[in-house]
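Each chain is listed here by its residues.
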Protein chains: 2
Amino acid sequence: MASSGTAPRRVTIHDVARSAGVSRQTVSRALNDKGEIDATTKERVLDAALALGYRPSRFARGLVRQDTISVGLVIPDLLNPFFTEVAAAALDAARTRGWHVVVYDTGDRPDEERGTLEMIASQVDAVVGYLSRPEEEIDKLARGLPVVLIDREHRAERFSTIRIDGEAGVHAAIRHLYDAGHRHIGMLDHAGRSEPSVRHDWFAGAMASHGLPAHAVSRADQSVEGGEAALKDLLAAHPEVTAVFTFNDIVAIGALRAARRRGLRVPDDLAVIGFDGLSLGALVEPPLTTVALNTRELGALAVEQTARLLTGETPLSTGELVVRGELRVRESA
Amino acid sequence: MASSGTAPRRVTIHDVARSAGVSRQTVSRALNDKGEIDATTKERVLDAALALGYRPSRFARGLVRQDTISVGLVIPDLLNPFFTEVAAAALDAARTRGWHVVVYDTGDRPDEERGTLEMIASQVDAVVGYLSRPEEEIDKLARGLPVVLIDREHRAERFSTIRIDGEAGVHAAIRHLYDAGHRHIGMLDHAGRSEPSVRHDWFAGAMASHGLPAHAVSRADQSVEGGEAALKDLLAAHPEVTAVFTFNDIVAIGALRAARRRGLRVPDDLAVIGFDGLSLGALVEPPLTTVALNTRELGALAVEQTARLLTGETPLSTGELVVRGELRVRESA
DNA sequence: AGCGCTCACGTGAACGTTCACGGGGGAGCT
DNA sequence: AGCTCCCCCGTGAACGTTCACGTGAGCGCT
């Protein structure tokens, strides 16, 4: 009557000990290769454990030896190659430190980001990633958890932020176009927020420094299709444009495509320069000229800062938390 | 003398309780929005917690309410778009279940895979992924942990495996080429293992069914450069070849590139068909014809099976654990 | 006044493991 | 024989939370 129908209680180290006729400690020794145990005893314990289907509780273990670190990595869209590269870099940096990385893909939905943050907070020792929600909210949800942000456009003060500085790179890109004779240069900005992006500011600055107007701007969804549509818009509104700088490489690839469909030759009829430096850009035709970011460094920096926050070392200064873009000339411009 | 220099002991719920002049339980109530607590008391507790920098131990919490599930996702190379897609799909499927996914990128090194498995085993409730080590070893390292494998070529018996069945798709691909008049069709196989891949077997079978020989085979590293080199080899050894089927899309893209460098027009001079159905394939020029796999389904299946293994439901049968490839004709063939 | 009910809070126990000890027994030595 | 030492093993405590209770104060009702 008591043997059946009861809740399927977890099999603990006690059960194994009893079954093998030893104590908990001996079982622990056997499972963790601790030494101080007879070979035959060890085998007997191991057999018992296997027979009972015993698996140690990671919680109980973690509770007593507090030695495992795991960080949450929050990403808007893993399928976006930029974030893929950043994630890969972060995973790599974390691996060398023996950290566990819990990855959350918010699918570009800010409301998901909120829920994610909520469930994350109780499961990791730190959060790094690309968050778009307001700082106060992050602060509230993270509840004192170390947080390292990536490329947060509005100056994040409360948290460490890896800043992306493309100013010099964009200037170099515009100079490159200028030197090639282009005078009518447009931009395909993002369409996400209502305000223009920081990248657009760099573009405008660079244009101004050559005495060029920066009014030929269209907005593009961050996808290949978005880039296609945006280039069409841009050329419709500004037929004189002979070169475009884009918010990122994905959009640029869309522009490449739209240009091809229109029968425009790249770079002869239309020059295209992207932003991000995706390895994907080298695969398309023609290979994409771009302002490249070192995503490996980006991921590594984020992890490094997280480590310092975690250990209480002196964190990196804002001046050090920067990744700069640099012009990588391929064939599209 | 006692106040300084001691180890930086963790601040616990006790400390908060003492500081706020209440009991542990009240603190717990305040932090978890449990109700049965006075509003002012709650605020006082929250303030104390914030002031002390208190953060609950995920281990202690997990120990008592055993409600959070986390699975390990092991991937050979996140930068390989195929695995990116699978990972994204798995993340998505896991999210709907409220699981945490710990991601490990072994960087294509089997020795890393071993270490990963070791550290993973004590940190997750199940493992899903692409593992290449021998079954006995996985078995030993996993120690009873549910394991779901993806596309394991050598029949995995001990573990659930999501099988990739490209036979029909590859037959369709070869038929497509045959109908277009191709009689000399080569293949770019992988170079990883010493034996030919299962995909090569499908290729050979399909060729045989059209009475064609399948001896024009080169081996390619799984990279764009590998594909380039392999096509060069293939054409050197078999100049009569007018069409190639490749181990995967990445290799196919390399082949596309090598063809372009040689001045061969695709598909007129050389037809190319890949395998995997990466969305990346639609971006290259010309868009890649391929035997497409539904990676979303792949990831979803893996997670679904993991769920069944975890809850003790009746697991999916091998017959259900299959993802079939189907020919997706674009422009490269 | 007495009863019962609700609200706000506290107390022991439990979750499952490892750590720091402590101890028995046999082998080897003097 | 007696001592020491080492090997192997067991016992209480601790890790930091939450759960299931228990309790007292205050209030409304008859």
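Predicted model only: the values in this text are computed from it and were never measured.

Procedures and definitions
Residues numbered from 1 in each chain as written. Chains lettered and ligands numbered in written order. Predicted model: local features only at pLDDT ≥ 70, side-chain atom pairs only at ≥ 80, totals over all residues. Heavy atoms only, no water. Helix = DSSP H or I, 4+ residues; strand = E, 2+ residues; numbered from the N terminus. Buried < 20%, exposed > 50% of the residue type's maximum accessible area, 1.4 Å probe, protein only. Contact = heavy atoms within 4.5 Å. Lys, Arg positive; Asp, Glu negative; His and termini not counted. Charge placed at Lys NZ, Arg CZ, Asp CG, Glu CD. Buried area = accessible area lost by both parts, 1.4 Å probe. Salt bridge = Lys/Arg side-chain N within 4 Å of Asp/Glu carboxyl O. Polar contact = N/O pair within 3.5 Å; in protein donor to acceptor, adjacent residues only side chain to side chain. Nonpolar A, V, L, I, M, F, W, Y, C, P; charged D, E, K, R; others polar. Core = buried A, V, L, I, M, F, W, Y, C linked by side-chain atoms within 4.5 Å. Domains from an automatic or database assignment. Least-squares fit on C-alpha atoms with pLDDT ≥ 70 in both. Axes fitted to C-alpha atoms, helices over the stretch in contact; angles between N-to-C directions. Parallel < 35°, antiparallel > 145°, perpendicular 65-115°, else oblique. Left-handed = near helix turned anticlockwise from the far one by under 90°. Near = heavy atom within 4 Å. Pairing = 2+ DSSP bridges.

If you tally the helices and strands in chain A, you get twelve helices and twelve strands. If you line up chain A on its principal axes, its C-alpha atoms span 85 × 40 × 40 Å. Evaluated residue by residue, chain A yields a buried proportion of 51% over its 333 residues. At a minimum sequence separation of 6, the contacts of chain A that also span at least 24 residues come to 66%. A gap of 6 Å separates the mean positions of the 39 positive and 46 negative side-chain charges of chain A.

Taken together, the contact pairs 50 residues of chain A with 49 residues of chain B. Both sides of the chain A and chain B interface together cover about 4600 Å² of buried area, and 58% of this is carbon and sulfur. Notably, a salt bridge pairs B:Glu285 with A:Arg260, separated by 3.2 Å at the nearest N-O pair. The interface formed by chain A and chain B contains 20 residue pairs in polar contact (both at pLDDT 80 or more). Taken together, the residues that form the side of chain A that touches chain B break down as 26 nonpolar, twelve polar and twelve charged.

Once that is clear, we can look at unusual backbone geometry. Most peptide bonds take the trans configuration, and most residues that are not glycine carry a negative phi. Residues and elements named next belong to chain A. Of the consecutive residues Glu 285 and Pro 286, the connecting peptide bond is found in the cis state with omega at -5°. One can find Pro 286 in the loop between β9 (271-276) and β10 (289-292). Notably, Asp 108 is not glycine yet its phi reads approximately 65°, a positive angle. Mapped onto the elements, Asp 108 comes out in the loop between β2 (100-105) and α6 (110-121). Of the residues examined, Asp 108 reaches a relative accessible area of 55% and is grouped as exposed.

This part takes up the nonpolar core. Core analysis: the largest hydrophobic core is formed by 152 residues, its most contacted members being A:Ile162, A:Leu231, B:Ile162 and B:Leu231. Core analysis: the second largest hydrophobic core is formed by 32 residues, A:Ile120, A:Ile138, B:Tyr104 and B:Leu145 among them.

As a further point, take the domain arrangement of chain A. Under the domain assignment used here, chain A contains domain 1 (13-56), domain 2 (66-164 + 295-323) and domain 3 (167-292). The distance between the C-alpha centroids of domain 1 of chain A and domain 2 of chain A comes to 40 Å.

Moving on: the relation of the copies chain A and chain B. Both copies of the chain are related by one operation, a rotation about an axis with a shift along it. Once chain A is rotated about the relating axis by 180° and shifted along it by 0.0 Å, it coincides with chain B to within an RMSD of 0.1 Å. Considering both components of the superposition, the chain copies are consistent with a two-fold axis. Interface overlap between copies: 98% of the residues of chain A at the interface are likewise at the interface in chain B, consistent with a symmetric, same-surface contact.

Residues and elements named next belong to chain B. Closest axis-to-axis distance for the helix α10 (residues 224-237)/helix α11 (residues 249-261) pair is 6 Å, and the angle between their directions is 55°. Of the possible angle classes, the one that applies to α10 and α11 is oblique. α10 and α11 meet at a crossing whose hand is right-handed. Of the residues in α11, those in contact with Val 224, Gly 227, Glu 228 and Leu 231 of α10 are Ile 250, Val 251, Ile 253, Gly 254, Ala 255, Arg 257, Ala 258, Ala 259 and Arg 261. Of the residues contributing to the contact of α10 with α11, the split by class is eight nonpolar, two polar and three charged.

DNA strand C sits among 31 residues. The nearest are A:Ile13, A:Tyr54, B:Arg24, B:Thr26 and B:Thr41. Considering the 4 Å shell around the protein, atoms of DNA strand C inside it are sugar or phosphate in 61% of instances. Between DNA strand C and the protein, one listed contact pairs a base nitrogen with a side-chain N or O atom of A:Gln25 at 3.1 Å. Only α2 (24-31) and α4 (58-64) of chain A together with α2 (24-31) and α4 (58-64) of chain B provide two or more residues apiece to the surface near DNA strand C.

The subject of this paragraph is the packing of α2(B) against helix α3 (residues 39-52) of chain B. All names here are of chain B. As a packed pair, α2 and α3 sit with axes 9 Å apart at the nearest point and diverge in direction by 90°. Our classification of the angle between α2 and α3 gives roughly perpendicular. Along its contact with α2, which presents Thr 26, Val 27, Ala 30 and Leu 31, the element α3 presents Thr 41, Lys 42, Val 45 and Leu 46. A class-by-class count of the residues in the contact of α2 with α3 yields five nonpolar, two polar and one charged.

Another aspect to go through is the side chain of A:Arg152. Residues and elements named next belong to chain A. Checked against the element boundaries, Arg 152 lands in the loop between β4 (147-150) and β5 (160-165). Notably, Arg 152 is buried but unbridged: the nearest opposite-charge side chain belongs to Glu 135, and the N-O separation is 4.8 Å. For Arg 152, the side chain forms a polar contact with the main-chain oxygen of Arg 133, separated by 2.7 Å. Non-local contacts of Arg 152, meaning those with residues more than four positions away in its chain, are made with Leu 131, Ser 132, Arg 133, Pro 134, Glu 135, Ile 138 and Thr 161.

Sheets are built from strands that pair by backbone hydrogen bonding, the pairs being arranged parallel or antiparallel. Residue and element names in this part refer to chain A. With mixed pairing, six strands are arranged side by side in an open sheet as β7-β6-β8-β9-β10-β12. In this open sheet, the two strands that pair with only one neighbour each are β7 (217-220) and β12 (326-328). Shown here is a sheet whose adjacent strand axes are inclined to one another by a mean of 25°, direction ignored. Note: strand β6 (residues 185-190) against β7, four bridges, orientation parallel. Considered in β7, the bridge of Asp 189 is made with Arg 219. Against the sheet, helix α9 (residues 198-209) contacts β6, β7, β8 (243-246) and β9, and its axis sits at roughly 165° relative to β6. Packing against the sheet, helix α11 (residues 249-261) makes contact with β6, β7, β8, β9 and β10, and its axis sits at approximately 160° to β9.

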